[in-house]
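Each chain, letter by letter, is given below.
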Amino acid sequence: MTEPKSRCGFVAIIGAPNAGKSTLVNRAVGQKVSIVSPKVQTTRSRVLGIVTEGATQIILIDTPGIFAPRRRLDRAMVAAAWGGAADADAVVLIVDAAQKSVDEETLGIIAGLKKQKRQAILVLNKIDIVKREKLLTMASNLNAEGVFTDIFMISAETGDGLDDLLQALAQRMPEGPHHYPDDQITDAPMRSLAAEITREQLFRQLQQELPYALTVETDSWEEFKDGSAKIQQTIFVARDSQKGIVVGKGGDRIRQVREAAQREMEEMMERKVHLFLFVKVRENWADDPERFRALGLDWEA
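I will try to describe carefully the structure that is included in this document.

Definitions and limits used
- Residues numbered from 1 in each chain as written.
- Predicted model: local features only at pLDDT ≥ 70, side-chain atom pairs only at ≥ 80, totals over all residues.
- Heavy atoms only, no water.
- Helix = DSSP H or I, 4+ residues; strand = E, 2+ residues; numbered from the N terminus.
- Buried < 20%, exposed > 50% of the residue type's maximum accessible area, 1.4 Å probe, protein only.
- Contact = heavy atoms within 4.5 Å.
- Patch = residues over 30% accessible without salt bridge, like charges linked within 9 Å, V, L, I, M, F, W, Y side chains within 5 Å.
- Areas by Shrake-Rupley, 256 points an atom, 1.4 Å probe, with all protein chains shown as cover.
- Salt bridge = Lys/Arg side-chain N within 4 Å of Asp/Glu carboxyl O.
- Lys, Arg positive; Asp, Glu negative; His and termini not counted.
- Charge placed at Lys NZ, Arg CZ, Asp CG, Glu CD.
- Pairing = 2+ DSSP bridges.
- Axes fitted to C-alpha atoms, helices over the stretch in contact; angles between N-to-C directions.
- Nonpolar A, V, L, I, M, F, W, Y, C, P; charged D, E, K, R; others polar.
- Phe/Tyr/Trp six-rings, centres within 6.5 Å; stacked < 30°, edge-to-face > 60°.
- Lys NZ or Arg CZ within 6 Å of the ring centre and 35° of its normal.

**Some words on the overall build of the protein chain**
For step 1, the next point in the chain: Helix and strand counts for the protein chain stand at nine helices and nine strands.
For step 2, the next point in the chain: Out of the 301 residues belonging to the protein chain, those deemed buried represent 50%.
For step 3, the next point in the chain: In the protein chain, once contacts between residues fewer than 6 apart in sequence are set aside, the share between residues at least 24 apart is 71%.

Printed below as a string of structure tokens:
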């Protein structure tokens, strides 16, 4: 019996903000590699999730949501998303099927695909909360756009329908050696993942109180003989008034963020973690070329 040929390729997951791209990538690799939040525009740079099934390796590019950019940071995020699509062997457009009608951002992405003469796989997400009749109508209307080769209906939250999608993607991957070890699930360094975990907890706990003008950086990572790790991170905000919001009354909020982030890091790394958080004001950090490079974004976009 002949061995199956080795295959490896890149799949760009694109879509409007909050369509479920990060949830899909995390579910596919079986572990969190990308920030998930009820808020939109939380993925700022491309994150690679790696799925290895037998002889085939699928490298999922979780791109930022594509939306109408207003700031330089927005433009860089959208440029990163389209860059991911241009570089990929296959493109998946994920659409939130639970919305009343197809949003303007998704229609804009379809127009962009047409302009680039690029075909994509359509994925209707959140089928666990949508009636079948609505799904079929939405699928029919979007298929009429003429840019989709296939349509899949999934729930990124529960994993329903995901195996069929991954099998279809595996068949589209070109022959070639695997780019990463078979047991690797992301190319993001652990320091970056730790910073993303803290940033996610800030988004979750601050709700509507804090704008998107914050970022988290891992300053130091010290490992001890007992297997534990000491991680120091700085939360940068744009104004002094935002610092008080992050810290909270008597330091209560920052303590809750620290405890939740530390707990999640310990679960992910399977070791004891000592997390220390500091909050600093860095005015106009979102207009600093160095911060863009740290996020993997193009300052000139």
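Past the structure itself, the notes keep going.
**Comments concerning a negative patch on the surface**
For step 1, the next point in the chain: On the surface, a cluster of negative charge is made up of Glu53, Asp128, Glu157, Asp160, Asp163 and Asp164.
For step 2, the next point in the chain: Mapped onto the fold, glutamate 53 is located in strand S2 (residues 47–53).

**Thoughts on the sheet that holds strand S7 (residues 214–223)**
For step 1, the next point in the chain: On the basis of which strands lie adjacent, the open sheet formed by three strands has the order S7-S8-S9 and mixed pairing. Of all the strands in the sheet, just S7 and strand S9 (273–281) have a single pairing partner and so form its edges. With direction set aside, neighbouring strand axes in the sheet form an average angle of 20 degrees.
For step 2, the next point in the chain: In this structure, S7 lies alongside strand S8 (residues 229–237), joined through nine bridges in antiparallel fashion. The partner of valine 216 across the bridge, within S8, is isoleucine 235.
For step 3, the next point in the chain: Running over the sheet, helix H6 (residues 190–206) touches S7, S8 and S9 and is turned about 135 degrees from S7.
For step 4, the next point in the chain: Sheet contacts for helix H7 (residues 240–247): S8 and S9; angle to S9, the most-contacted strand, approximately 155 degrees.

**Focus on the pattern of salt bridges**
For step 1, the next point in the chain: On inspection of all chains with the given rule, the structure shows nine salt bridges.
For step 2, the next point in the chain: Glutamate 175 is paired through a salt bridge with lysine 5; the nearest N and O atoms lie 3.8 Å apart. Here glutamate 175, found in the loop between helix H5 (162–172) and H6, pairs with lysine 5, found in the segment before strand S1 (7–15); they are 170 residues apart in sequence, far enough to count as distant.
For step 3, the next point in the chain: The salt bridge involving glutamate 145 is made with lysine 114; its shortest N-O contact spans 2.7 Å. With glutamate 145 in the loop between helix H4 (132–143) and strand S6 (148–153) and lysine 114 in helix H3 (residues 104–115), this pair connects stretches of sequence that are 31 residues apart.
For step 4, the next point in the chain: Classification of lysine 114 by relative accessible area gives partly exposed; the value is 40%.
For step 5, the next point in the chain: Ionic contacts of the salt-bridge type, sharing partners, join the residues Lys5, Arg7 and Glu175 into one network.

**A short note on the packing of H7 against helix H8 (residues 252–269)**
For step 1, the next point in the chain: Contact geometry of H7 with H8 gives a least axis separation of 5 Å together with a crossing angle of 60 degrees. Contacts between H7 and H8 pair Ile245, Val246 and Val247 from the former with Asp252, Arg253 and Ile254 from the latter.
For step 2, the next point in the chain: Considered class by class, the residues forming the contact of H7 with H8 number four nonpolar, no polar and two charged.

**What about the packing of aromatic side chains?**
For step 1, the next point in the chain: Within this structure, the stated rule accounts for zero aromatic pairs.
For step 2, the next point in the chain: For the cation-ring pair, lysine 230 lies above phenylalanine 276, with the distance from its terminal atom to the ring centre recorded as 5.4 Å.

**What about the environment of isoleucine 121?**
For step 1, the next point in the chain: Locating isoleucine 121 in the fold gives a position in strand S5 (residues 120–125).
For step 2, the next point in the chain: Looking at isoleucine 121, the relative accessible area reads 2%, which means it is buried.
For step 3, the next point in the chain: Separated by 27 residues in the primary sequence, isoleucine 121 and isoleucine 94 have C-alpha atoms spaced 8.4 Å apart.

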